[in-house]
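Notes for the structure review
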Amino acid sequence: MAANFLQRSRHDSVFYFRRRVPADLFCVIGKRQIYKSLDTCIRREAIIRARVLATQTDRIFASLRTMPKTIPFRLDYTLELRFDQNGLPQAVTIDAEPGEHEAAQKALETAVAGLAALRQPDRGRTPPMPRLNALTLADGIEEYFKKADVKPATRASYRTKLAYLVEQVGGGTPLFDIDQFRFVKLAETIIADNTRHDKTKGDYITIIGGFLNWHRIRNGLPQLTAATLKPKRATPSALDRAAFTLDQLRTIFRHAARFRADEPHKYWATVATAFLGCRIEELAQVNLGSDLKHDLEAGVWYLDFLETPDADGVVRKSLKRHSSWRHAPIHSALVQHGFVEYLTKQRDAGYGRPFENGWNPHIGNARDGGIKWSHKITKWGGGILQELRDAGSLPEGTQTYFHSMRHTFANTLAAAGVTEEYRSALQGQAFGGMNSQTYAKLRHDHKVLSKALEPALAAYAALLA
């Protein structure tokens, strides 16, 4: 790590880069360590600069090891190397002892010839890539969206962050001029903006860093560091989004019940999301023709949360992670109160999604594509939550209408003694190592998950009575 190469001066507190030369290169470099001032007293900046030097010295060592082995260097020669921006040796100077100048000069000529050979691509190899400064930031963004594996549903969010990058540095800026130092300055500008939440600031830094590194990896450049630039958390992540209490959930259910007769989609979007502990988008995008299933032997209804295409071959679903692919058992209380009946009626009426009759999906623009089934549902839920708060039925807080139900679901299961592995499987979250994620099929075993879910949500079932 770059920090391993740092040394701080006792006199002026300036950081220095200090790295030992590999033993097999002592005779070539003529010194046992590389020592260079980093011109800063700030540790974070020193680590960034040291990381660049560490990468360059790695390349230097690799380059020297590929030089012809016949170069007659001697331990008593003083060898000075100068390197270009790619870390390759650019020039060599040798100071020889008196009487050995001719031999030293010959060694110098051989070394320079060897270095020149390193710069020439071998015949038959892939030709060298275009000059790094040929690509502008604006062109890099367009190339990124054409080639990178970014889901259509997230493209709009990514474009917002990258538009901010263009606003800060200019679309005509050579893409690879944005190095670690400039990235640090950009991150500091983002953090200093008090109009954004810390989590949002972290998202900006992560997405912009990911975009820059996508290009740098493909051009053989060292990656930029983003993780240490994001704002540090002031509070535990558990406090970001508060859960509803059971009494508050009862209030929400009772309010939603007024929609059950004339606008049943609003009732079931509320109640079913709470019982399933899922993201509202996961439920809203369910394909009623293929994802609603019934295990007659086990007596369990369940939903398949997965990204399979519709009957026409087009994929119109998107899950956050691979761990989100799962069987979601439907609690018997939902079945008894008519949720499955509601879904089958929607299917028989020709609707493909559970709430399509009440809310049209949000279709992405032609450039990014994608479809968001819960976009309008989420906005509706936010309005209902504010309505309940304005009426004094619910207190002000950090809750959101749908996502806080996931927190309540997790808390309720934990209080009932359901293990984290089962809770993670039910909510589509990663758990454990390879055994849990690859070999154990718990998240696809609706029968086992249903046995854990049924007693744990007894308090939920009581709210519907």
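My aim in this report is to walk through the structure given alongside it, one point at a time.

How each quantity is defined
Residues numbered from 1 in each chain as written. Predicted model: local features only at pLDDT ≥ 70, side-chain atom pairs only at ≥ 80, totals over all residues. Heavy atoms only, no water. Helix = DSSP H or I, 4+ residues; strand = E, 2+ residues; numbered from the N terminus. Expected span 1.5 Å × (residues − 1). Buried < 20%, exposed > 50% of the residue type's maximum accessible area, 1.4 Å probe, protein only. Contact = heavy atoms within 4.5 Å. Salt bridge = Lys/Arg side-chain N within 4 Å of Asp/Glu carboxyl O. Polar contact = N/O pair within 3.5 Å; in protein donor to acceptor, adjacent residues only side chain to side chain. Phe/Tyr/Trp six-rings, centres within 6.5 Å; stacked < 30°, edge-to-face > 60°. Lys NZ or Arg CZ within 6 Å of the ring centre and 35° of its normal. Pairing = 2+ DSSP bridges. Axes fitted to C-alpha atoms, helices over the stretch in contact; angles between N-to-C directions.

With respect to helix 13 (residues 375–390)
Side chains of residues three or four places apart in an α-helix project in the same direction, reflecting 3.6 residues per turn. Here helix 13 spans 23 Å end to end across 16 residues, near enough to the 22 Å set by a 1.5 Å rise per residue. Taken residue by residue, helix 13 has I377, W380, G381, I384, L385, L388 and R389 as its buried positions. Structurally, helix 13 contributes buried residues whose contacts are with helix 8 (246–257), helix 9 (264–276) and helix 10 (280–284). Positive backbone phi, approximately 80°, marks G392, located one or two places after helix 13.

What about the pattern of salt bridges?
Side-chain pairs of opposite charge can arise whenever the charged atoms involved come near each other. Inspection of the entire model under this criterion finds 22 salt bridges. A salt bridge links E263 to K266, with the nearest nitrogen and oxygen atoms 3.0 Å apart. Among the residues examined, K266 registers a relative accessible area of 13% and is labelled buried. Residues R279 and E282 are paired through a salt bridge, measuring 3.1 Å at the closest nitrogen-oxygen approach. Summarising the burial analysis for this pair, R279 and E282 share the class buried. Counted as one network, the salt bridges with shared partners bring together R44, E45, R49, K185 and E188.

Points about the side chain of T57
Structurally, T57 is set in helix 2 (residues 43–65). Of note is the side chain of T57, whose polar atom sits 2.7 Å from the side chain of R19. Dropping the residues within four chain positions of it, T57 is found in contact with F17, R19 and I34.

Concerning the packing of aromatic side chains
Considering all chains together, one arrives at 17 aromatic pairs under this definition. Taking the centre distance of 5.4 Å and the plane angle of 80° together, the rings of Y144 and W214 count as edge-to-face. Of this pair, Y144 sits in helix 4 (residues 137–147) while W214 sits in helix 7 (residues 198–218), placing them 70 residues apart in sequence. Measuring from centroid to centroid gives 5.4 Å for Y164 and Y204, while their planes differ by 85°, and the two rings are edge-to-face. In this pair, Y164 sits in helix 5 (residues 152–169) while Y204 sits in helix 7, placing the two residues 40 residues apart along the sequence. As far as burial versus exposure is concerned, Y164 and Y204 are alike and both buried. It is R159 that lies over the ring of F145; its NZ or CZ is 4.0 Å from the centre. Cation over ring: R196 sits above Y204, and NZ or CZ is 4.4 Å from the ring centre.

Thoughts on the sheet that holds strand 1 (residues 6–8)
The 3 strands lie next to each other as 1-2-3, forming an open sheet whose pairing is antiparallel. Taken across any chain shown, the strands that pair with only one partner, and hence form the sheet edges, are strand 1 and strand 3 (33–37). Across the sheet, the mean angle from the axis of one strand to that of its neighbour is 30°, orientation sign disregarded. One ladder, built from 5 bridges, connects strand 2 (residues 15–20) with strand 3; its direction is antiparallel. Note that in strand 3 the partner of R20 across the bridge is Q33. On top of the sheet, helix 2 reaches strand 1, strand 2 and strand 3; it is set at about 30° to strand 2, its chief contact.

Any functional reading would require information beyond the geometric quantities listed.
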